[in-house]
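Summary of structural features
Letter by letter, the chains look like this.
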Amino acid sequence: CLPANQERFANGKLATVQFHPSAQVVMTAGHDRSVSLFQVKNFNLCYVDGIRNPRIQSIYLESFPIYKACFSVDGEQVIATGTHHKMFFVYDMMSGSIIPIQKVRGVEERFLRSFEVSPDGSFMLLTGTSGYLHLLSMKTKELISTMKVNGRCAASAFTPDSSKIYSYSKEGEVFIWDVRSRKCLHKFEDEGSLEGKCITVSKNNQYVACGSASGVVNLYTTDVCLKENHPKPVKAIMNLVTSATCVTFNPTTEILAVASRETDEAVKLV
């Protein structure tokens, strides 16, 4: 198969590649300040289009190198944060309008970069500095509440039912929050972690995977995470030799992808 974005290669590093939740569309976004949408065909063993993945649209955000972009759950919006900005953009795909969110009242942050969208489409979680987590309404983009972990927050993940948030600190601790009450239900230490990098929860809510700066990815069962302060991993995945910067499960929880952006071809499927 030819590159999905062959009709418009980015001029800078790609920060995001994501498939649309329902349409045959893939999005790319990155440091060249652009978000591009491409149509992709069905791939199967009998038929691979691969000849042409037409570009649907590109939008350009002036003076705004993109740190992360993400589709909303209904697929009608794209949210984009910058590398050094306290504002973010919302691209409304239905109207074609680009809406700048200049400031969220109650959020005092120098930069807004990392964020997660809840699986039910209700919430947007912004990762702030000094351990602050800002929960926003996805509908209004207004602040609902702010939570705080000890130390600095490296990554967060919603559970599949959007009822809980797992927040992984740089210091190797995982905090489990109740979304409705915004109270910390439990916290545990990721075994052997000197610096947390990334975290994910499986779609069936059975597993939690934590990736650290050493390259080790620890796999836990969620029931143990909710009870024990020093849980034992079901498996410690040692295949990466540089920092684990991405962990994600496939939709049926049969495969875990672990990857590091710090070296070429550092992608493993477990």
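Residues numbered from 1 in each chain as written. Predicted model: local features only at pLDDT ≥ 70, side-chain atom pairs only at ≥ 80, totals over all residues. Heavy atoms only, no water.

The name an unreviewed UniProt entry assigns to the chain is U3 small nucleolar RNA-associated protein 18 homolog, from the organism Balaeniceps rex. Quoted verbatim from the Sequence similarities (unreviewed entry) heading of the UniProt record, the comment on the chain is "Belongs to the WD repeat UTP18 family." Here the chain is described in UniProt, under the heading Subcellular location (unreviewed entry), as follows: "Nucleus, Nucleolus". (UniProt positions renumbered as here; feature names shortened; annotations may be inferred.)

Moving on to the overall build of the chain. Helix and strand counts for the chain stand at one helix and 23 strands. Dimensions of the chain along its principal axes, counting C-alpha atoms only, are 50 × 50 × 30 Å. For the chain, with 270 residues in total, the buried portion stands at 48%. For the chain, restricting intrachain contacts to residue pairs at least 6 apart in sequence, the fraction spanning at least 24 positions comes to 41%. Here the chain has roughly 13900 Å² of accessible surface; of this, 50% comes from carbon and sulfur atoms. (Helix = DSSP H or I, 4+ residues; strand = E, 2+ residues; numbered from the N terminus. Buried < 20%, exposed > 50% of the residue type's maximum accessible area, 1.4 Å probe, protein only. Contact = heavy atoms within 4.5 Å. Areas by Shrake-Rupley, 256 points an atom, 1.4 Å probe, with all protein chains shown as cover.)

You can see Ser34 is positioned in strand E3 (residues 34–39). Using a relative accessible area of 5% as the deciding quantity, one classes Ser34 as buried. For Ser34, the side chain forms a polar contact with the side chain of Arg8, separated by 3.3 Å. Within the local environment of Ser34, its side chain forms a polar contact with the side chain of Asp32, the two groups lying 2.8 Å apart. Setting aside anything within four residues of it in sequence, one finds Ser34 in contact with Arg8, Thr28, Ala29, Ile59, Tyr60 and Ile66. (Polar contact = N/O pair within 3.5 Å; in protein donor to acceptor, adjacent residues only side chain to side chain.)

We now examine a nonpolar patch on the surface. Where nonpolar side chains cluster on the molecular surface, the patch consists of Ile255, Val267 and Leu269 and spans about 290 Å² of accessible area. Taking relative accessible area as the criterion, Leu269 reaches 64% and is therefore assigned exposed. (Patch = residues over 30% accessible without salt bridge, like charges linked within 9 Å, V, L, I, M, F, W, Y side chains within 5 Å. Salt bridge = Lys/Arg side-chain N within 4 Å of Asp/Glu carboxyl O.)

Further remarks concern the nonpolar core. Among the nonpolar cores identified, the biggest contains 16 residues, and Met27, Val35, Ile66, Ala69 and Val78 are the most heavily contacted of them. Counting only elements with at least two residues in this core, the list comes to strand E2 (25–30), E3, strand E5 (66–71), strand E6 (77–82) and strand E7 (88–92). If we skip the residues at most four places from it in the chain, Val78 touches Met27, Val35, Ala69, Cys70, Phe71, Phe89, Val90, Tyr91 and Met93. Residues Cys70, Ile79, Leu126 and Leu136 belong to the second largest nonpolar core, which totals 14 residues. (Core = buried A, V, L, I, M, F, W, Y, C linked by side-chain atoms within 4.5 Å.)

The next thing to look at is the pairing of strand E11 (residues 132–137). Among the six residues in E11, five count as buried, and that is most of the element. When strand E10 (residues 123–127) meets E11, the two strands line up antiparallel, connected through five bridges. Bridge pairing links Met124 to Leu136 in E11. Between E10 and the antiparallel strand that follows it, E11, lie four residues; Ser130 among them carries a positive phi value of about 55°. (Pairing = 2+ DSSP bridges.)

With that out of the way, let us pick up the pattern of salt bridges. Between side chains of opposite charge, a pair can form when the charged atoms approach closely. Overall, the coordinates contain eight salt bridges when judged by the stated rule. One salt bridge in this structure joins Arg8 and Asp32, with 3.4 Å as the shortest N-O distance. Taken together, the residues Arg8 in the segment before strand E1 (14–19) and Asp32 in the loop between E2 and E3 connect sequence positions 24 residues apart. By relative accessible area, Arg8 is classed as partly exposed at 21%. Looking at Asp32, the relative accessible area reads 8%, which means it is buried. Between Glu108 and Lys103 there is a salt bridge, and its shortest N-O distance comes to 3.3 Å. For Glu108, a relative accessible area of 61% gives the class exposed.

This part is about the sheet that holds strand E23 (residues 267–269). Across the sheet, which stays open at both edges, the three strands sit in the order E21-E22-E23 with antiparallel pairing between neighbours. Each edge of the open sheet carries a strand with a single partner, namely strand E21 (246–249) and E23. Recorded for the sheet is a direction-independent mean angle of 15° between the axes of neighbouring strands. (Axes fitted to C-alpha atoms, helices over the stretch in contact; angles between N-to-C directions.)

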